[in-house]
Amino acid sequence: QVQLVESGGALVQPGGSLRLSCAASGRISGLYGMAWYRQAPGKEREFVGQIRWSGGTTDYGDSVKGRFTISRELRKYTVYLQMNSLKPEDTAVYYCNANILSRELWGQGTQVTVAS
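Residues numbered from 1 in each chain as written. Predicted model: local features only at pLDDT ≥ 70, side-chain atom pairs only at ≥ 80, totals over all residues. Heavy atoms only, no water.

(A) Structural context of the pairing of strand 9 (residues 92–100). When you tally the buried positions in strand 9, you get eight out of nine residues, the bulk of the element. Inspection of the sheet shows strand 4 (residues 31–39) paired to strand 9 by eight bridges, in the antiparallel sense. Its bridge partner being in strand 9, Leu31 is matched across the sheet by Ile100. Bridge analysis of strand 9 against strand 11 (residues 110–114) gives three bridges, and the strand direction is antiparallel. Bridge pairing links Tyr94 to Thr110 in strand 11. (Buried < 20%, exposed > 50% of the residue type's maximum accessible area, 1.4 Å probe, protein only. Helix = DSSP H or I, 4+ residues; strand = E, 2+ residues; numbered from the N terminus. Pairing = 2+ DSSP bridges.)

(B) Structural view of the side chain of Asn97. Along the chain, Asn97 falls in strand 9. Given a relative accessible area of 5%, Asn97 falls into the buried group. Looking at Asn97, its side chain comes within polar contact range of the side chain of Glu104, at 2.8 Å. Sequence-distant contacts of Asn97, defined by excluding residues within four places in its chain, comprise Leu4, Gly33, Met34, Ala35, Tyr37, Glu104, Leu105 and Trp106. (Polar contact = N/O pair within 3.5 Å; in protein donor to acceptor, adjacent residues only side chain to side chain. Contact = heavy atoms within 4.5 Å.)

(C) Layout of the nonpolar core. Counting residues in hydrophobic clusters, the biggest one holds 31 residues, and the most contacted among them are Leu4, Met34, Trp36, Leu81, Met83 and Tyr94. Those elements that place two or more of their residues in this core are strand 3 (18–25), strand 4, strand 5 (46–52), strand 7 (68–73), strand 8 (78–83), strand 9 and strand 11. Among all residues touching Leu81, those that are not within four sequence positions of it are Leu18, Arg19, Leu20, Trp36, Val48, Phe68, Thr69, Ile70 and Tyr94. (Core = buried A, V, L, I, M, F, W, Y, C linked by side-chain atoms within 4.5 Å.)

Remember that the coordinates give geometry; whether it matters functionally is a separate question.
This is the structure we're talking about:
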């Protein structure tokens, strides 16, 4: 059983930075990639970005390109989301996602609030 645990969510002022972490534990064989999604109140879940586990290729949603960066730490099976120049519209619950042998797994989410 694989578990994903996110951390790092907080209240931050506009223009600030925050780094989220997602650690995978358990039987992780066959990990293809990990991703971040977010969901704001009353809105659908939105793709933020992803990273392939082998090679580290990244891809981002248009709303975060140039501001957010995804990285990974191979030995710890951990993925990070560095968020810079945060805006109030970045406020959401951020979810970690892992693709393991074509199965999609989700973390419990971590709240990010951008406000003065």
